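If you want the building blocks of each chain, they are given just below.
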Amino acid sequence: MATKLKPVDVVTIGVGWAGTILAKELAQAGLKVVGLERGGYRGQEMFQLPEAKYDQLKYDRHLELFEDLSRTTITFRNRTDEVARPMREHGPFPWGEGLGGAGFHWAGWTWRQTPWNFEIRSRTLARYGEKALPEHSTVQDWPVTYDELEPYYDKFEYTCGISGKAGNLRGIIQSGGNPFEGPRARGYPNPPLKRAYGETLFGEAAEKLGYHPFPMPAAQSSQAYTNPDGASLGECMYCGFCMNYGCEWSAKAVPQTTTIPPALATGNYEIRTHAAVTRINVSGNRATGVTYVDSRGREIEQPADIVLLTAFTWSNTQLMLVSGIGTPYDPATGKGVVGKNYAWHGAAPYMQLLYDEGHIFNPFMGTGALGTAITDFEGDNFDHADLGFVGGSMMVATQMGQGPLTYQPVPPQTPLWGSAWKKSVAHYYNRSFWMIGLHDHLPYRGNYLDLDPNYRDVFGAPLLRVTYDIGPNEHRLSDYMVNVATKIGEVMQPSHLAVFGLPQTFDAGAGYGIVHQVGGAMMGTSPENSVVNKYLQSWDVPNLFVVGASAFPQLSSFNPTGTVGALAYQTADAIKNKYLRHPGLLI
Ligand SMILES: Cc1cc2nc3c(=O)[nH]c(=O)nc-3n(C[C@H](O)[C@H](O)[C@H](O)COP(=O)(O)OP(=O)(O)OC[C@H]3O[C@@H](n4cnc5c(N)ncnc54)[C@H](O)[C@@H]3O)c2cc1C
Ligand code: SF4
């Protein structure tokens, strides 16, 4: 039988960006908050010895900081008539775990969505008519607008000390920034990072073609910085061991450097690691708390007045389904909402440029979010009449720090192994760079999450089953973007240019992928079209808030965490200023 603890005001399930932003805000407001994290402790200080940090095999190849897949995983299939199989390695869906979540070792690309992204359905219908949307797409507008979220984007950017150049200050376009972004109240807290050679070439080529390159907003601090809560960041050293690693300079904004210290300083916040939540306990339409298993295998019940499910898209959806909250989505009937509108980021286009001689790029240096971007082909920034798809891609030439164990660029006809391959890698490693496009991804009726009937996790709960394939809109978009990228690539005159789009069918056995899983507990305007309202409050259980990219109705071209941070700040505000005054449904 579970040991029952004393009640607290708030419990968060997961201690990543979403969980710690909420914990900080609510602890500062005087509430007693407990954060439950299934993984262990880790901090920047653990990366201060060179032998502890500069180990590419451990962190890039063996993905030491990721979820232990022998304890839990997901199962995957492309279509409903297939049997899903468990993910045994971190392939396309690497999954965070431990203090700070994936935010501890993220790359730091910190984007806002544009106003169009929030109103994709209505703006598409208004400009191009009903025919522009594919038949089986379940795309819908967000229940919040860009303008409503702007103050919360701003809050997240100042929490993190984002380095960047504003492109639109209160409606006035700024030279050198992103002219397509929504209006922002003020500039970034820190100036852009230094530029690397490859991205500079890309920027010049894009400009020659009439596009608008700008430095990508980055969560690596370009100078020493103290955030509004008094937490400090050091200056980035461009060490190149950034994504998948801790930062020994505390220059990367992660929960450990930005949100956890001020939350702990209140004396109102307690973090329990190795605490895996197995169930949200519900009585009637009220969450009474959660049950978790601790490091010694003991079952513990933590009662709480407010439950915050902040455990990332996979666990948010799985825990909703396992706890019987909300109506599971059924793709056959289109009824139900929990698990609906799942989408994932593929790379389209991906471009590799190799030079036989002349250019040296030093790809081993860099930082997780060092890049020059264009968004001329993102969203509805270009005319789609007669193109046959909606949306587009933002494209970034990036220098993230590419170690030789994972970066081995060779021209297409090179043998796959042996001395010719080695010679080619040795020659081109330092004479190459790359560009990646992340694309808008519509939701489809057949792409969804549910509980697997065959496989269970170490605690006996059904694994989350992912049913997913690339949709027709994304195929057409990908073909178009490959042409755009090829034209930019040709301007840079590489000796070898290769540009790739999306594969015909999504391959779950493919290598390490992009960690942007969205949907499953989406936000909307009513219980019929969503799991949570605009404050990420469950329609069914009003003292439960489900916070994270699970709330996205669909995926834009932009990495999600800027929007996750903004939504978390919005939820914190709604709890403090609305819910605590009138506990109950906020809408
Ligand atoms: C290598 C990598 C690079 C990335 N780079 C970028 C980037 O450049 N830009 C960007 O926008 N996004 C990036 N992301 C994605 C980004 O990290 C996530 O969007 C962000 O971390 C989400 O925050 P979160 O708090 O919602 O979830 P998480 O960070 O995943 O935190 C959730 C926490 O909940 C815990 N948890 C899960 N289930 C349970 C349970 N049952 N009980 C208790 N605890 C539980 C997990 O262990 C985890 O610590 C990257 C991700 C990875 C892995
Ligand atoms: S590149 Fe910069 S932010 Fe990243 S780990 Fe190195 S010093 Fe830290």
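Residues numbered from 1 in each chain as written. Chains lettered and ligands numbered in written order. Predicted model: local features only at pLDDT ≥ 70, side-chain atom pairs only at ≥ 80, totals over all residues. Heavy atoms only, no water.

Section: the site of ligand 1
Keep this limit in mind: When we say a residue is near a molecule or strand, we mean one of its heavy atoms is within 4 Å of it. Counted as a polar contact is a pair of N or O atoms within 3.5 Å, where, for protein atoms, one must be capable of donating a hydrogen and the other of accepting one, and residues adjacent in sequence contribute only when both atoms are in side chains. For the accessible areas, the method is Shrake-Rupley and the probe is 1.4 Å, while residue cover comes only from the protein chains on display. Strands are runs of DSSP state E lasting at least 2 residues, helices are runs of H or I lasting at least 4, and numbering of each runs from the N terminus.
As a structural note, the neighbourhood of ligand 1 is formed by 37 residues, with Glu 37, Arg 38, Trp 109, Ser 315 and Thr 561 the closest of them. Residue Trp 17 places a main-chain N or O atom 3.1 Å away from an oxygen atom belonging to ligand 1. The contact in question runs from an oxygen atom of ligand 1 to an N or O atom on the backbone of Gly 103, over 3.3 Å. When ligand 1 is considered free in solution it has 990 Å² of accessible area, and contact with the protein chains removes 97% of it. Where the shell around ligand 1 is concerned, the elements lending two or more residues are helix H1 (17–28), strand S12 (276–283) and helix H10 (312–322).

So, the packing of aromatic side chains
What counts, and what does not: Note on aromatic contacts: the rings of Phe and Tyr and the six-membered ring of Trp form a pair at centre separations within 6.5 Å, being stacked when their planes are under 30 degrees apart, edge-to-face when over 60 apart, and tilted otherwise. Burial here depends on accessible area, computed with a 1.4 Å probe over protein chains only, as a share of the maximum for the residue type. Under 20% is buried, over 50% is exposed, and the range in between is partly exposed.
The full count for this structure, using the stated rule, is 37 aromatic pairs. Ring centres of Tyr 329 and Tyr 448 lie 5.7 Å apart, and the angle between their planes is 70°; on these two criteria the pair is classed as edge-to-face. With Tyr 329 in the loop between H10 and strand S15 (343–344) and Tyr 448 in strand S20 (residues 448–456), this residue pair connects regions lying 119 residues apart in the sequence. On the basis of relative accessibility, which here comes to 5%, the residue Tyr 329 falls in the buried class. Classification of Tyr 448 by relative accessible area gives buried; the value is 4%.

Quick notes on the site of ligand 2
Rules: Gly is placed with the polar residues, together with every amino acid not listed as nonpolar (Ala, Val, Leu, Ile, Met, Phe, Trp, Tyr, Cys and Pro) or charged (Asp, Glu, Lys and Arg).
Lining the immediate surroundings of ligand 2 are 15 residues, of which Lys 53, Cys 236, Cys 239, Cys 242 and Cys 247 lie closest. In the shell around ligand 2, the residues fall into nine nonpolar, four polar and two charged.

With respect to the confidence of the model for the chain
Short version of the rule: As a per-residue measure, pLDDT reflects the predictor's confidence and takes values from 0 up to 100.
Averaged over the chain, the pLDDT score is 96; the fraction of residues at 70 or greater is 100%. Looking across the chain, the model is least confident in helix H2 (residues 50–53), with a mean pLDDT of 89, and most confident in strand S24 (residues 544–546), with 99.

Some points on the sheet that holds strand S5 (residues 85–86)
As a reminder of what qualifies: Two strands make a pair as long as DSSP finds a minimum of two bridges between them.
Strand order across the open sheet formed by four strands is S5-S4-S21-S20, with mixed pairing between neighbours. At either end of the open sheet lies a strand with only one pairing partner, and these are S5 and S20. In this sheet, strand S21 (residues 462–467) lies alongside strand S4 (residues 74–77) in parallel orientation, the contact comprising four bridges. Along S21, the bridge assignment pairs Thr 75 with Arg 465.

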